[in-house]
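# Structural overview for review
Listed below, chain by chain, are the residues.
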Amino acid sequence: MIDGLIILIVIVLLFFAMKGSVKHFKGEGACCSGGSSLAKSGEKALSGPVVAIRLITIGGMHCANCAERVKRAVDSIDGASCSVDLSNSIATVKMDRRIDDITIKRKIEEAGYTVSSIKQD
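Residues numbered from 1 in each chain as written. Predicted model: local features only at pLDDT ≥ 70, side-chain atom pairs only at ≥ 80, totals over all residues. Heavy atoms only, no water.

Within an unreviewed UniProt entry, the label attached to the protein chain reads Heavy-metal-associated domain-containing protein, and the organism entered is Candidatus Ornithospirochaeta stercoripullorum.

What follows is the structure, encoded as structure tokens:
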């Protein structure tokens, strides 16, 4: 009887663990924010016309919170506005002035992610 009860408890715990894991790997859970999700910020308005665009491949993003962290990190650079495509792990950075790639890469890495490549669009 006790063995059956223990087995039942283990099955229930495994069910909830699998349910949470599926949400995590789909990017639907709040995996990277300690249980709370970041409020989505709107697109940053640039003060001048777009003079350059960079497509940045980023590693380490798992969920919408990760994408929002990358966006906020790049948006903190004066003259840069970022949007992130989580499903392709690509950030599009629009600039209204010359900003070197090293500055953008450093900001993303400070946020805890890796930069695989930076391409001009």
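We are not done yet, so read on.
## Here's the deal with unusual backbone geometry
With a phi close to 55°, Ser 89 is a non-glycine residue in the positive phi region. You can see Ser 89 is positioned in the loop between β2 (80-85) and β3 (90-95). (Helix = DSSP H or I, 4+ residues; strand = E, 2+ residues; numbered from the N terminus.)

## Brief notes about the side chain of Lys 71
Structurally, the position occupied by Lys 71 is in helix α2 (residues 64-75). Only 3.2 Å separates the side chain of Lys 71 from the backbone oxygen of Cys 82, close enough to count as a polar contact. Setting aside chain neighbours within four positions, we find Lys 71 in contact with Ser 41, Gly 42, Glu 43, Lys 44, Cys 82 and Val 84. (Polar contact = N/O pair within 3.5 Å; in protein donor to acceptor, adjacent residues only side chain to side chain. Contact = heavy atoms within 4.5 Å.)

## Section: a nonpolar patch on the surface
A contiguous nonpolar surface patch, about 710 Å² in accessible area, is contributed by Leu 5, Leu 8, Ile 9, Val 12, Leu 13, Phe 15 and Phe 16. With respect to the helices, strands and loops of the structure, Val 12 is situated in helix α1 (residues 2-26). (Patch = residues over 30% accessible without salt bridge, like charges linked within 9 Å, V, L, I, M, F, W, Y side chains within 5 Å. Areas by Shrake-Rupley, 256 points an atom, 1.4 Å probe, with all protein chains shown as cover. Salt bridge = Lys/Arg side-chain N within 4 Å of Asp/Glu carboxyl O.)

## Describing the environment of Ser 87
Counting through the fold element by element, Ser 87 comes out in the loop between β2 and β3. Looking at Ser 87, its side chain comes within polar contact range of the side chain of Asp 85, at 2.8 Å.

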